[in-house]
Structures are given as C-alpha cells and as structure tokens.
Amino acid sequence: MKKRHVVLHCFAVLLLLAGIGIPFGSQVSAEPASNVLQVNNRVKLLITKKNGFVHPGISVDPYRLQETRRQLVKQKQPWTAYYQAMASSDYASTTFKASNLKAGTFDTPKDSTFKKSSQEMTLSADGFRAYTQAIMYYLTGNKQYRYNAIRLVRIWEHMDSSQFSYYADAHIHVPVPFYYMVSAAELLKYTTVNDPLYTDPDKSDGNTEPVNLNWTNDDNQKLIQNLIDPVMKTFLPSNNKYFNQHLYSITGVFAGSIFKNDKKVYDQAVEWAMVNANTDKPDINGSLANLFHQVDGKDPRNPIGRSYVQHLEMGRDQNHAKDDVLDLIGIARILSQQGTRIDPQKGTVSTAPKSQTPYEFLNNRLLAGIEQFYRYNAGYTIPWTQFAEDGGKDYPAVVANGTDKIIDYGGTISTDSRGRMGKYFSLSELYDVYRYQEHMSKTKLTKIAPSVVHAAENLSAPIFYDGTTLTNFWGSYSDNKMTEIGCEYWLSIPTAIRKDSSVTLPVAQPSNSNVSFSKRGTILDRVRAKFVNKKNTSFVRVQAVKNQKEIKETDYDRLYPKDKTTVRGGNQIALSSLVKGDGDAGYVTLRIRSNGKAKLLISGGNSNTEPYQQVEIPDTKGQWINLVYSTRDDELSSRTAKQLGYMDFYAVIAGHSSTHVDFDQLVYINRPGGIQTSVPAINEPDDATNYLIKNSSFEKKLDTTNTAGAVFSLEDAPDGMKIDQRGVITWTPNERTAKPISVLVRVVNNGIVCTKQLNFAVEDTRAQALQAVLDAYDATQTYTSESVNAVKQQQEKVEELLKQDNDAVFLETLQTLADKIDKLELLNPKLSDGSLNYNAYDSIVATVTGMAKSSLGNLIDDDPVTYDGNLLTPIIFDFGEHDAISASSFAFEARTGFPNRLQGANVYGSSDGLTWTLMTTRPTSQTNSIEKIAVKDGVTDKLFRYIKLQVDEPGPDTDPAYPGISSRGEFHIFGIRYETQ
C-alpha cells in the first residue's frame, strides 16, 4: 500500500482477490509444461517511428524484443527460463478471463465508471492479463492470445469518459495498471495478424461470431477518448505528489503520451522525472535529482564529511523506498527505449552533443541511489543525514507540518521493512544496463555499486520462494495491486549477458525455501567473517570473539573514516530476504557447524542493538546440525528487544578466538518449503542459576516440550553429572564452587537441535545456599507489594526447611525462592530521562483502549519513527484497580513527519473511568520537537487510576479523505506510581 496514513506490517503476504480474479505470485502453473515452448516467427513486429517516438516502445525495446524471440526459438538461457515461468502463470492461460466484463456481452464493461478504488483492481487484473496475452501472441503466433488481449482492451475502450472522478490515492494505484493496459494496446497495434477473423472455440459465454483481430482506427480513437485521456486528465495531471506517488503518476503519463505520440506531454514528463524544477513542493519532489539527493560535504549534519547520495524515502520506510527504485529503473528504461537523451543540468530532453542517457545523468545518480538502497537492505550501515535537524544558516532544517509539508524522512534512517528483498533477485536490469548499454567495466561497477553487483551475481530462479511462498517473477512485485513495473524487463535483456559467466540465472524451480548465507548473507566484519567455497559447497565462516565490542563494521570504517558519530558494529554477519512467521510458524533453524562451544546473539540491527534471541551453539565437532531459534513475538529475550520482520544480524561469542562457526542456510520450520516437524524446546529460564549443596544429591526434570523420543546430552558437565532420555539431570557435587559453573544441554529431535545453558552454584551448607540466593535481592529498591510478598512467603518456607532432613525438598523450595527474586517488579521503573517506564512489566498497564497494548513500547523507545498507530479515538491507560499515578509533567513527541496528528492533545486523569480531570496546563502545539508540558497546579498531588490522551483541538488533516487521525511517536510520564491497596 502506498497510503501515507497506513503502515502495513506483515511477515508474509499471500493474496488471492477471488472476487475479481486477480492471481498473485503463489500461482505458478496454469499451462502444462509441454505447451510452453511454442515460440515461432509467425508474427511480425511493425517497428514504427513517428513524431520522435519508436513503437512499440512503452514497455519493451522493440529491437531487443525481436532478439528475445530469436533466442527463445533457439531455446537459449536465460530467456527460456523467464518465458517458461511467464507462460506457466495464470495470466498466460489461453482461457479468456475478464474482471470488468458485463455478463452475456462481448466487450461491454460491467462498470463503465472510474470513481472508486475497486475499479483500479479490475484494471490491474485486466491490464496485466491483456499485456501478458499480447506478449504471448507475438512470441507464439497463437491467435487465441490475440483474441483474449484485444477483447480485454476493447472492454476498456468502452468506458464512459464523463464518469471519471478523482478519489483518494487514485494517482498512486491507477497509473501502473493503466501502463500495462496501454502497453498491451501498443503491442496489438504494432504486430501483424494474418486472416484476422477469429472465433473463440470456447462458446461458453455465448460469443459465437467471428471477431476482427486487427487493431483498427476505431480501436485507437476509442481507447484514447474513453480511457487514456480521462485517466491522464483525472488522475495524473500534477507534479507535486510525494516521492513514489510522483513516480507512479508520471509512469502513467509516459504510457499515454507515447501511445498518443504526444511529444509535448512526454517531454514535460521527462523533466518531471529527472529534475521537476517547477514543483511547488520541492521537499517531497520525487524526481531523480531530489529523491536520490546529493548531500553536501560541507553540511554540518553530514556524518562523513564528504558529498554522497542519499535515497530520501529510506527515512520513511524501505518498502516505499523500494517502490522508488523499481519505478526509476522502469522510467529510465522507457526513456532509453525511446532514445531520449537528457540535458546534464536541466534534466530536459536534449539532442546536444553533451546530452546524457538517463543512466549517466548527474554522474550516474540512479546507480548511486539504488546502491545505497541495496546496501542498507543487505545489512550494511550507510551514511545518513537527518535533514529535520538544523544545520545552520546555509543548511536549515526541513520542517514538517503533516499537511502540505509531509516530511517523514528527516529523522533517522528507517528499519521498517529492512531486508525485504526476496522478490527482487529474479532480474539484473540495473547491472545489465550499466555493463552492456553504458559499457561500464566490471571493475568500475563493482567499486561504485558492489551490492548491485552482488545481487546480479546471486539471482533467484524465475520461480522462487519469497519467504515460504512459491512465487512467479511474472507479476510478483506488488502485494495486493499492480503498482510496480519491471518484470517485463526480461523481454529486453541484451544478448551480451550470455558472455558474463558471473551472472547466471538458476533455471530450476527450487526444491525448498531455505535461505542461503552465501547468496543472501552479508559480511559485516571482514576480519572475523568470510565467504568460503569448497568442493561445490559454499558457506560463511565466522570467527568468534570474546567480547561483542570487538566486532567492527569494517567496510564502513574503511570507506568513511571521518565518521565518529554513526553507531555501528556488534555483529559479524547478517541475513536478509527472510519472511518471518509467528505463533506455531515462528521457528527457524540454522544449518551450522562449529569447532567449539559458542553463544549466538541474534538481533535486529548492527548498532550495538540488544539481541532478541540468545542461542547456545554446541561443539558440533565439524558436523552440520540444524539449530533452532524462535522468531515469535511472545518469546523475545526482553520487553525492549526488537526484531525485524525480514532480516537478522548474528554475533558469535566464545571464550576462545580459535572457535569458528560455519553458516550454511536458514531453514523454515512447519512452513511451505521447510522442515515439517514438531519443534523441541527447553523451557527453563535463560541464565538462571540452580543452587546446590555439597554432597547432597540433586535431581531436576527439565521443563521441555516436543521431546518424546529425543536424545538428550550435556556439554562441559562436571564429573558425575548425567542426563537421561527423559530430560532428568542428576548430580552429587563434592565441592563448593567459587562461581557458578555452566553446562550446555543439547536436545535432538527429528534432526532439530535445541540448546539451553544451565548454571549451577554449589554451597557447603543450606544456610550458605539460602544466603547466596538472598544476595540477589536489592533491598535499596522499592518493589511491588505483590512481588515482595511472594518472595517473603517463599523465604519463610525455605527457612522452615533449614533443619529438616530432606535435601531434595529444600533445594526445590530454594530454587522457587530464587525464581521469585528474579521476578521482582520495581514499583517505579525508570527510563533514561527519569520518566516512568510503564512498559517494563506487563502488569503496570493493566489494559489499554484506543491502541494496541503491544505498541506501548513504541511510545517510550526514544524513536519518533515508531508510533502508536493511526488512531481515531482517545487512548486510555488503566493502571489497575490496586495502583494509581500522580504526575508532574508529560513529554510528547510527534511521529516523524506528522506533528499535526499530535497537535491539540491534552492529558486527563480519572479514578473511575467516568469522571475526568484535565491534567495538562495546555494542549500540545504543532512541533517536531519534544514538548514537555506541566501538570496543572492542584492536580500534581492527585492520584489517578486512568490516564487519557485526547486530542481536543485537532490540527489540520493530512488527507481530507481520512479525517480525524491522531498519532504519537513518544509519550513519557514524569510521575510516581502508587499502590492504593
């Protein structure tokens, strides 16, 4: 989705819009394989030049399209693999299908108006199907394909041009379906047909009359009058839309203007795409020159001290940044196919000797911006300038107001959707262009854009797994609407690609959904990790370190030695292109091997980020194992740890630097293409210590799940410690331990390995053991009465057992006391600014209305990019029937780019949830800064069970089509929590 007011977080998208019959990437076979290779030369391409345009030239290079067919006739790769995948898609079915056809008619629209978003879905379905059918006709000469394509186009020729009206986001979602429909018409117009009268052998829809398959003047006139002109006039007329929205619009403009031979409109769109100098919203200008922004080396906000290119929308999120990448690559291809050259400063169409291709423009700006995108989404740190900060007189802050200035890219770079790259390794367009069209040497290209080169050298097959969804590259770029162009590039692949042995397309459909570290992994610390290729196998080898602080991000340090402010390092490697699951699907394994015991820290970033999982790696003696870890949201290591949905970062820690771990691939569990098995688990607390007494026998049955028939074993166990196949540990220690000893438990079940480190402390006497447990209690802290009473009651039970004979009962009771001390809850846990950490424990805020309780952490993470949601009602915190809050002030910070959505907010308190007292001295203002507002005199000493955040004087709506939305990036409570009972 491209709406500015909606953010979709998802681990896997698999949509089949059955109501209008739109198939997406999971549908990978429609035609039998025996019917796929029927390519021949029967149909001619009528290459025509008129008014400076070449036809057909919207979506394809006509000369390369001819060459593609020649390669297919010879059954050459990679063309054959792409063709087979396209031909196996539902879009290429010879059975006629239409989403906007009135039943019982040949070409009458079911809905001839265009006033609502549902119509863009039907255009998406019909447009891409018509385009596919037109391509299939040219390649095979099968008239059924031409019949299907021309019938679909003729349905849309009969739209009512007087019934087009703009609706919210139409300029985002209409252009690309429109592009494909017009491209289908372009191909039909400029391809030959012999014996044009054709009757569909399928008579089921009642159409038995022969159909003229020729493209006629009537077709041309009706398509322009009833679809092209009203779409361009109604949905695509402006040059002031936000970043990717601007690019979508002009993609449609290019399609319509080329089809119509409208040089004036085309030339204007070229300037809009390259520079867009006359836009009235320069800060959100989606042109190449602005969106891939040249950051001045003298800008004091610039962390590296020299000029570089920054992809601005990466500050918003990576999914929309990806849209920019695909759109700009597609637009550059359109211009290149038309032979358009660019003025090197103005970005206008030029025929001057110093004019440039769109790829050369601004010193290869397209390549530089896309390299930054690929690099960051592979896991590397990249330079980032925060334009919302004030850089002084010459570099003022870019200030957002949420309405005419929606600047949600001005803060830190966004981690939202980082690593979501699984769909975009099936084509190597950018690499191909710079190597074989711009004739850049491989050495230079690798130096300028190493991540683009790496992607081209590690392509996916045309039918591939995106996460665990088997996906066809043909039509797969969009989630739920056809909003990206690009898959058609395969029709224009240069033949020179065959001479490049480093860029080889896998042609076979993968047998599993495993994610390879050698293909999708990233080496962050090149001193402590490397790619290894041995005997037809490849993997990543990671050298362990004793301390995570030793791990550096070596490439960044080498490239940008002047940067002393950007935090980086802490992980040796990263893995992208994941699509994580949750619940029962929230487990993966790593196929690894080691030469020693180590700890694996798994996190969501490479900036000393808190790991969300810690997994013990056993000494596998050089043998490969599948080591499991959890991606479930309810099994994170702490309440503050965060993970990403599409990538992980890994740090290997061990006591010996000679320890190394080899990473082969990540394997999904109980998801398509993965291992189908029950997941063994050891449910003991992490880093908990078991307390024992010298010469007293110890027995512990581990809390496990899915371990029936599993094999249990111990590593680094002291003499005499054993574990049986029920998971029962027994040991009689014969000496006191100076410090706890650590033992690794390994469980293997159905080839899946899970591990847990257990700690054991041995004391000479029961009294010493009790004191060792009580030493963990910090008497200087104030804890909740409930958790303290639980400790006191358990301590009394332990003390009663001090002089009794049964050691087993004593140790079990003592262990329960240790667990309860570990679970003590502070009454007033604090954030770094001294405010109340109301998300420290689940018990502090009993319930929340108006927002998801799971999003509370977003309001206290000091990151205004994360926020509470796009809300329409007040938020009410209920601190429970036994607790209340007094406050002296509150701190607010708007979600980045949307200060209007926090404007005019007040805080209220209540004891019963019915009668409310205004607490704040004034409502929030429209500001992008942190705003601390005092509590009114006479209210600071009052206690409230309920706290309500309510917008009383709302700011202007970001989009009038979506009124009343409020959101907060940060909300801090400076106050004290009291127990009322």
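Above this note sits the structure.
Residues numbered from 1 in each chain as written. Predicted model: local features only at pLDDT ≥ 70, side-chain atom pairs only at ≥ 80, totals over all residues. Heavy atoms only, no water.

Here's the deal with the overall build of the protein chain
In step 1: Across its full length, the protein chain holds 20 helices and 36 strands.
In step 2: Expected size for 981 residues packed as a compact globule is a radius of gyration near 30 Å; at 32 Å, the protein chain falls within 12% of this value.
In step 3: Here the C-alpha coordinates of the protein chain stretch approximately 105 × 70 × 60 Å along the principal axes.
In step 4: Counting only residues that meet the buried cut, the protein chain has 59% of its 981 residues in that class.
In step 5: Here the contacts in the protein chain between residues at least 6 apart in sequence split such that 76% fall between residues at least 24 apart.
In step 6: When the 106 positive and 111 negative side-chain charges of the protein chain are each reduced to one mean point, those points stand 7 Å apart. (Helix = DSSP H or I, 4+ residues; strand = E, 2+ residues; numbered from the N terminus. Rg over C-alpha atoms; globule rule 2.2 N^0.38 Å. Buried < 20%, exposed > 50% of the residue type's maximum accessible area, 1.4 Å probe, protein only. Contact = heavy atoms within 4.5 Å. Lys, Arg positive; Asp, Glu negative; His and termini not counted. Charge placed at Lys NZ, Arg CZ, Asp CG, Glu CD.)

Looking at the side chain of Glu 715
In step 1: Following the sequence through the fold, Glu 715 ends up in strand 24 (residues 711–715).
In step 2: Using a relative accessible area of 14% as the deciding quantity, one classes Glu 715 as buried.
In step 3: In this structure the side chain of Glu 715 is engaged in a polar contact, spanning 3.1 Å, whose partner is the side chain of Arg 746.
In step 4: With residues near it in sequence (within four places) discarded, Glu 715 still touches Lys 597, Pro 618, Asp 619, Val 743, Leu 744 and Arg 746. (Polar contact = N/O pair within 3.5 Å; in protein donor to acceptor, adjacent residues only side chain to side chain.)

Topic: a nonpolar patch on the surface
In step 1: Together, Leu 943, Ile 976 and Tyr 978 make up an exposed nonpolar region whose accessible area comes to about 240 Å².
In step 2: Here Ile 976 shows up in strand 36 (residues 970–979). (Patch = residues over 30% accessible without salt bridge, like charges linked within 9 Å, V, L, I, M, F, W, Y side chains within 5 Å. Areas by Shrake-Rupley, 256 points an atom, 1.4 Å probe, with all protein chains shown as cover. Salt bridge = Lys/Arg side-chain N within 4 Å of Asp/Glu carboxyl O.)

Overview of unusual backbone geometry
In step 1: Here the amide bond leading from His 55 into Pro 56 is cis, since omega sits at -10°, within 30 degrees of zero.
In step 2: Among the structural elements, Pro 56 can be located in the loop between strand 2 (53–55) and helix 1 (62–73).
In step 3: Note that the residue after Gln 77, namely Pro 78, is joined by a cis bond; omega there is 10°.
In step 4: As for its position among the elements, Pro 78 is in the loop between helix 1 and helix 2 (79–88).
In step 5: Positive phi is not limited to glycine here, since Asn 276 has a value of about 60°.
In step 6: In this fold, Asn 276 is placed in the loop between helix 9 (263–274) and helix 10 (288–291).
In step 7: Even without being a glycine, His 439 presents a positive backbone phi close to 60°.

Examining the sheet that holds strand 22 (residues 698–701)
In step 1: Across the sheet, three strands lie side by side as 22-26-25; this open sheet has antiparallel pairing. Unpaired on one side and paired on the other, strand 22 and strand 25 (722–723) mark the two borders of the sheet.
In step 2: In this sheet, strand 26 (residues 728–731) lies alongside strand 22 in antiparallel orientation, the contact comprising four bridges. Along strand 26, the bridge assignment pairs Lys 700 with Ile 729. (Pairing = 2+ DSSP bridges.)

Quick notes on the pairing of strand 26
In step 1: Across two bridges, strand 25 lies against strand 26 in antiparallel orientation. Within strand 26, the residue paired with Lys 722 across the bridge is Thr 730.
In step 2: Linking two consecutive strands that pair antiparallel, namely strand 25 and strand 26, is a turn of four residues; a positive phi of about 85° is found at Gly 727 within it.

Considerations on the sheet that holds strand 13 (residues 573–575)
Sheet strands pair by backbone hydrogen bonding; their relative direction is either parallel or antiparallel.
In step 1: Strand order in the open sheet formed by five strands is 10-13-18-15-16, and the pairing between neighbours is antiparallel. One side of each edge strand has no neighbouring strand; the edge strands of this open sheet are strand 10 (521–523) and strand 16 (613–617). If you compare each strand with its neighbour and ignore which way they point, the axes differ by 25° on average. (Axes fitted to C-alpha atoms, helices over the stretch in contact; angles between N-to-C directions.)

Regarding the packing of aromatic side chains
In step 1: As enumerated under the stated definition, the model contains 40 aromatic pairs in all.
In step 2: Judged by centre distance (4.6 Å) and plane angle (55°), the rings of Tyr 242 and Phe 243 are tilted. Each member of the pair, Tyr 242 together with Phe 243, is buried.
In step 3: Above the plane of the ring of Phe 96 lies Arg 151, whose end atom (NZ or CZ) is 4.2 Å from the centre.
In step 4: If you follow Arg 418 out to its NZ or CZ, it ends over the ring of Tyr 376, 3.7 Å from the centre. (Phe/Tyr/Trp six-rings, centres within 6.5 Å; stacked < 30°, edge-to-face > 60°. Lys NZ or Arg CZ within 6 Å of the ring centre and 35° of its normal.)

Points about the environment of Leu 811
In step 1: Positionally, Leu 811 belongs in helix 20 (residues 807–822).
In step 2: Along the backbone, Leu 811 and Glu 699 are 112 residues apart, and their C-alpha atoms lie at a distance of 9.5 Å.
In step 3: Excluding anything up to four places from it in sequence, Leu 811 contacts Tyr 691, Leu 692, Ile 693, Ser 697 and Phe 698.

Without other data, these values stay purely geometric and don't point to any function.
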